[in-house]
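Next come the chains, spelled out residue by residue.
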Amino acid sequence: MSTSTKPVLVFLMLLGWSYCQPSLFLHDSPSDSSKKCRYMDLPLLDLELDQGSSYNPPQHELQNTSRLLQLLGERNFDFEYMRITRPKKKRLPVDLKLRGEIPEDIQSQNLRRMPDGTNTRVGPHSRKRFRRWLWARTHCPVRQSWKNLGKRFWPRWLKVGDCYQGQNSCSIPSGLTCLPSESTTKNVLFWACIEDRLDRKMLCRWIYVPYPIITECSCGGNCAK
Ligand SMILES: *[C@@H]1O[C@H](CO)[C@@H](O)[C@H](O)[C@H]1NC(C)=O
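Residues numbered from 1 in each chain as written. Predicted model: local features only at pLDDT ≥ 70, side-chain atom pairs only at ≥ 80, totals over all residues. Heavy atoms only, no water.

## What to know about the side chain of Ser218
To keep it simple, the criterion reads: By the criteria applied, helices consist of DSSP H or I runs no shorter than four residues and strands consist of E runs no shorter than two, each listed in order from the N terminus. Only protein chains enter the accessibility calculation, which uses a 1.4 Å probe; a residue is then buried when its area is under 20% of its type maximum, exposed when over 50%, and partly exposed in between. A contact between two residues is defined here by any heavy atoms of the two lying within 4.5 Å.
By the secondary structure assignment, Ser218 is in strand S6 (residues 201–219). Taking the relative accessible area as the measure of exposure, Ser218 reaches 16% and is therefore buried. When near neighbours in sequence (up to four residues on either side) are disregarded, Ser218 contacts Cys140, Thr177, Cys178, Leu179 and Ser181.

## What to know about the sheet that holds strand S5 (residues 178–196)
Our working rule: A pair of strands is considered paired only if DSSP assigns at least 2 bridges between the two. Here the axes come from fitting lines to C-alpha atoms, over the contacting stretch only for helices, and the angles between their N-to-C directions go from 0 to 180 degrees.
Strand order in the open sheet made by the three strands is S3-S5-S6, with antiparallel pairing throughout. Each of the sheet's edge strands pairs with one partner strand only, and the pair in question is strand S3 (153–154) and S6. On top of the sheet, helix H3 (residues 65–72) reaches S3, S5 and S6; it is set at about 115° to S5, its chief contact.

## With respect to the packing of aromatic side chains
Applied cut-off: Only Phe, Tyr and Trp rings take part, Trp by its six-membered ring, and two of them pair if their centres are within 6.5 Å. Stacked means planes under 30 degrees apart, edge-to-face means over 60, and tilted covers everything else.
This structure, assessed with the given rule, holds four aromatic pairs. Note on Phe77 and Trp154: the rings are 6.0 Å apart at their centroids and 40° apart in plane angle, and the pair reads as tilted. Residue Phe77 is found in the loop between H3 and strand S1 (82–83), and its partner Trp154 is found in strand S3; the two are separated by 77 residues along the sequence. Pair check on accessibility: Phe77 and Trp154 agree, each one buried.

## What about the pattern of salt bridges?
Rules: Any Lys or Arg side-chain nitrogen located within 4 Å of an Asp or Glu carboxyl oxygen qualifies as a salt bridge.
For the structure on display, the rule yields five salt bridges. Residue Asp78 pairs with Lys186 through a salt bridge whose shortest N-O separation is 2.8 Å. One end of the pair, Asp78, is in the loop between H3 and S1; the other, Lys186, is in strand S5, and 108 residues separate them in sequence. Of the residues examined, Lys186 reaches a relative accessible area of 13% and is grouped as buried.

## Quick notes on unusual backbone geometry
Pro155 follows Trp154 through a cis peptide bond whose omega is -5°. Mapped onto the secondary structure, Pro155 falls in the loop between S3 and strand S4 (157–163). With phi around 50°, Arg200 is a residue other than glycine that occupies positive phi space. Note that Arg200 resides in the loop between S5 and S6.

## Considering the site of the ligand
This is how the line gets drawn: Definition of nearness: a residue and a molecule or strand are near each other if at least one heavy atom of the residue lies within 4 Å of the molecule or strand. For the purposes of these results, a polar contact is taken to be a pair of N or O atoms within 3.5 Å, where, inside protein, one atom must be able to donate a hydrogen and its partner to accept one; residues adjacent in sequence count only when each atom of the pair is a side-chain atom. Working definition of accessibility: Shrake-Rupley area with a 1.4 Å probe, residue cover restricted to the visible protein chains. For this classification, Asp, Glu, Lys and Arg are treated as charged, while Ala, Val, Leu, Ile, Met, Phe, Trp, Tyr, Cys and Pro are nonpolar and the rest, including Gly, are polar.
Neighbouring the ligand are Asn64, Ser66, Arg67 and Gln70. The side chain of Asn64 places a nitrogen or oxygen atom 2.3 Å from an oxygen atom of the ligand. When isolated, the ligand has an accessible area of 360 Å², and the protein chains bury 31% of it. Partitioning the shell around the ligand into residue classes produces no nonpolar, three polar and one charged.

## Notes on the nonpolar core
Note the cut-off: As used here, the term nonpolar core means buried Ala, Val, Leu, Ile, Met, Phe, Trp, Tyr and Cys residues forming a set that is joined through side-chain atoms within 4.5 Å.
Residues Trp154, Leu158, Val188 and Tyr211 are the most contacted members of the largest nonpolar core, which totals 22 residues. Those elements that provide at least two residues to this core are H3, S3, S4, S5 and S6. Broken down by element, this core gets its largest block of residues, six residues, from S5. When near neighbours in sequence (up to four residues on either side) are disregarded, Leu158 contacts Tyr81, Met82, Ser145, Trp146, Lys147, Leu149, Lys186, Val188, Tyr211 and Ile213.

## Points about the confidence of the model for the chain
To keep things clear, this is the line we draw: Each residue carries a pLDDT score, the predictor's confidence in it, ranging from 0 to 100.
For the chain, per-residue confidence averages 77 on the pLDDT scale, and 76% of positions sit at 70 or higher. Taken element by element, the chain is modelled with least confidence in helix H1 (residues 6–14), mean pLDDT 38, and with most confidence in S1, mean pLDDT 96. Ignoring residues within four places in sequence, the model shows residues 1–37, a span with pLDDT below 50, making 43 contacts including any to other chains.

## Focus on the state of the cysteines
Note the following rule: Pairs of cysteine sulfur atoms within 2.5 Å are what we label disulfides.
Under the definition given, this model contains four disulfides. The disulfide bridge from Cys163 ends at Cys217, spanning 2.1 Å between sulfur atoms. Given an S-S torsion of about -90°, the disulfide between Cys163 and Cys217 has left-handed geometry. Of the two residues, Cys163 sits in strand S4 while Cys217 sits in strand S6, which places them 54 residues apart along the sequence. Judged by its relative accessible area of 10%, Cys217 is buried. The disulfide partner of Cys170 is Cys219, and the gap between their sulfur atoms is 2.1 Å.

Encoded structure:
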């Protein structure tokens, strides 16, 4: 193994890269009904980078922004999600609006019959309103905020998401909570160091790390349906 690949591995192990196994993002195959519940372990726990300042990038490594941008690759720098300097507001307002089509599992609810089979006498207008209420009641918005990744990352601020818990539970009957259901990955730079034991020198360089960000939440995660 060459020294240049080592820091990458060390870092990925630190991050517990099993978090991001692609299988987490796949949909259920019909033959796979036993594995109905899959939770994504997002957001990532903060790294305990308690390694001392010798692991931080020296000042001159941070001065040339165009060089860092070149290292990251300009197309990887997503201004929607990334900032080099501290953004004005840490938390962004939660968007509670219901968008798109009413979810299939709510639309397909039969609201015309009581459990005992008698007619509910609920008209189409009321059924529609009740479906909207169910949707709002079980909706799980994403709350976005700017996260300071720390001195060893560039860019240093990343817009991350977490699942907004509006009420105690998002399900009826209650019991389920809002959990991550979809994510995207942004590449950032990380100053990775290994200590060369022989001549007690620190070998450091910028490496790419994929950073997963929650983009959608649902009631019970992928578990509810
Ligand atoms: C910054 O980096 C770029 C690209 O590597 C280089 O061309 C430029 O000379 C550097 N500027 C300074 C002030 O070092």
